[in-house]
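Structural description and commentary
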Amino acid sequence: MKSLFDPAAHTEILSRVDQLSEASVGQWGKMTVGKMLCHCQFPLKIALGDHGPSKKVNPIMKLLMKSFKKSMYDDKPWRHNLPTAKGLKVTDDKDFSTEKKKLIKLIDDFHQQKDKKVWEPHPVFGHFTHHQWGQMQYKHLDHHLRQFGV
């Protein structure tokens, strides 16, 4: 599984983000490209300690989500139209250029953590290893970039 900590994967993701335009249309789902760029920032912010759930996570939901944890960083691509957690949904329109710049900065900021060894637990999924954090971030970005054909 590729990791966003790997320089080649980091470069690949940035190249794919660069291929997006305001005219890019999703091949599945309801998000516009601006909303997708904004949505993709949330997991990176969570990893960097800049974003958490807006409210306390339901313990039953947390337990159910932990059963899906391995799919966050395995080699199998996520299926289309997976539901988005409430706290990670983007409902208002977003400016493409602004969101693209923000996402690129967060991708770079996350990549710069490639030597970090100790990570805070994910607020829903709990503990991830360093490698799992990198794989999960790559997989999420890959999922949405494939959604928009890049």
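Our structure is the block above this text.
Conventions and cut-offs
- Residues numbered from 1 in each chain as written.
- Predicted model: local features only at pLDDT ≥ 70, side-chain atom pairs only at ≥ 80, totals over all residues.
- Heavy atoms only, no water.
- Helix = DSSP H or I, 4+ residues; strand = E, 2+ residues; numbered from the N terminus.
- Expected span 1.5 Å × (residues − 1).
- Buried < 20%, exposed > 50% of the residue type's maximum accessible area, 1.4 Å probe, protein only.
- Arc of directions from axis to C-beta.
- Contact = heavy atoms within 4.5 Å.
- Phe/Tyr/Trp six-rings, centres within 6.5 Å; stacked < 30°, edge-to-face > 60°.
- Lys NZ or Arg CZ within 6 Å of the ring centre and 35° of its normal.
- Salt bridge = Lys/Arg side-chain N within 4 Å of Asp/Glu carboxyl O.

**Comments concerning helix α1 (residues 7-18)**
In a regular helix each residue adds 1.5 Å, so twelve residues correspond to 16 Å; α1 covers 16 Å between its end C-alpha atoms and thus fits that length. Residues of α1 that are buried: Ala-9, His-10, Ile-13, Arg-16 and Val-17. Axial view of α1: buried residues confined to an arc of 130°, hence all on one face. Exposed side chains of α1 directed beyond 90 degrees from the buried face belong to Ala-8, Thr-11 and Asp-18. Along its buried surface, α1 packs onto α5 (96-111) and α6 (130-147).

**Quick word on the packing of aromatic side chains**
Per the stated rule, a full pass over the model turns up five aromatic pairs. Considering the side-chain rings of Phe-5 and Trp-119, the 5.8 Å spacing of their centres and the 45° angle between planes classify their relative orientation as tilted. Placement of Phe-5 in the segment before α1 and of Trp-119 in the loop between α5 and α6 is noted, with a sequence separation of 114 residues between them. Across the pair, Trp-119 and Phe-5 agree in class, each one buried. Grouped by ring-pair contacts, the aromatic residues Phe-5, Phe-110, Trp-119, Phe-128 and Trp-133 constitute a single cluster. Across the ring face of Trp-119, the terminal group of Lys-116 is positioned such that the distance to the ring centre comes to 4.3 Å.

**Some thoughts on the pattern of salt bridges**
Tallying each qualifying case throughout the model produces eight salt bridges. For the salt bridge of Asp-142 with Arg-146, the shortest nitrogen-to-oxygen distance reads 3.1 Å. With Asp-142 and Arg-146 both in helix α6 and four residues apart, the pair spans about one turn of that helix. You can call Asp-142 buried: its relative accessible area is 17%. Salt bridges sharing partners connect three or more residues here, namely Lys-2, Glu-12, Arg-16, Asp-142 and Arg-146.

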